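Residue-level listing of the chains:
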Amino acid sequence: MVTGPRVGVLALQGDFREHLAVLAGLGADAVPVRRERELDLVAGLVIPGGESTVMDKLSRAFGLRDPLRARIAAGMPVYGTCAGLIMLADRVLDALPDQQTLGGLDVTVRRNAFGNQLDSFETDLAVPLFGGPPVHAAFIRAPVVEAVGPAAEALATLDGAPEGASGRVVAVRQGNLLGTAFHPEITGDTRFHEHLLSLL
Ligand code: GLN
């Protein structure tokens, strides 16, 4: 029997199933969220990786954009990975002309920041918030945080790999919002998800 907190994963598009599996493995009552009435029942939310332009369009088509913005403003804990980080960013570079985000994180992110040659890569990241061993992180057509505004805090920066990208911010937080440019759900590191659960 699941007795943990009910956590949603925005399931409009992208790798929501992997996040549901990680959260369930941590004992949470993990449920997909596609409708406002499903959003109303969760205490926290993961916005998965995928394609932010599509997720934006679908969130508007499903009438979820305004309810999501309201919950974020009300302090619901939310963790966005990759496209999910883009959805949480207040400012986006290389967005489509009509692309909107939900916002909440005082950061500027650049979509597809690593170009074609480095479409995908894996690397180890020190995350001082967690201590312990580095996080093994998978980047897939990933954004990068170009600027961290005064309200947000950088949690991790690239170090060494890929070449030329050292010092670039790839994980941030602000209040109850958490965002990573990478996908811990596919490399088996559960610490970001555990951190989300600790905020509930
Ligand atoms: N490039 C995608 C976007 O712009 C993000 C990729 C991902 O989520 N793995 O939304």
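Provided above is the structure to which this section pertains.
The present account deals with the structure reproduced in this document. Source: prediction; values computed, not measured. (Residues numbered from 1 in each chain as written. Predicted model: local features only at pLDDT ≥ 70, side-chain atom pairs only at ≥ 80, totals over all residues. Heavy atoms only, no water.)

**Examining the overall build of the chain**
Check the secondary structure of the chain and you find six helices and twelve strands. Compactness check: the chain gives a C-alpha radius of gyration of 15 Å against a globular reference of 16 Å for 200 residues, within 12% of the reference. Expressed along its principal axes, the backbone C-alpha trace of the chain runs to roughly 45 × 40 × 30 Å. When the 200 residues of the chain are sorted by exposure, 50% land in the buried category. In the chain, 64% of the contacts between residues at least 6 apart in sequence involve partners at least 24 apart. Taking the 17 positively charged and 23 negatively charged side chains of the chain as two groups, their mean positions are separated by 7 Å. (Helix = DSSP H or I, 4+ residues; strand = E, 2+ residues; numbered from the N terminus. Rg over C-alpha atoms; globule rule 2.2 N^0.38 Å. Buried < 20%, exposed > 50% of the residue type's maximum accessible area, 1.4 Å probe, protein only. Contact = heavy atoms within 4.5 Å. Lys, Arg positive; Asp, Glu negative; His and termini not counted. Charge placed at Lys NZ, Arg CZ, Asp CG, Glu CD.)

**Focus on helix H1 (residues 16-25)**
Residues of H1 that are buried include every one of Phe-16, His-19, Leu-20, Val-22 and Leu-23, and no others. Looking straight down H1, one finds its buried side chains confined to an arc of 165°; they lie on one side. Away from the buried face of H1 by more than 90 degrees, exposed residues Arg-17, Ala-21 and Gly-25 are located. (Arc of directions from axis to C-beta.)

**A few points about the pattern of salt bridges**
Under the counting rule described, the total for this entry stands at nine salt bridges. The closest approach of N and O atoms between Glu-146 and Arg-168, which form a salt bridge, is 3.0 Å. Of this pair, Glu-146 sits in strand E9 (residues 144-148) while Arg-168 sits in the loop between strand E10 (153-157) and strand E11 (169-174), and the two are 22 residues apart along the sequence. For Glu-146, a relative accessible area of 33% gives the class partly exposed. The exposure class of Arg-168 is partly exposed, given its relative accessible area of 26%. (Salt bridge = Lys/Arg side-chain N within 4 Å of Asp/Glu carboxyl O.)

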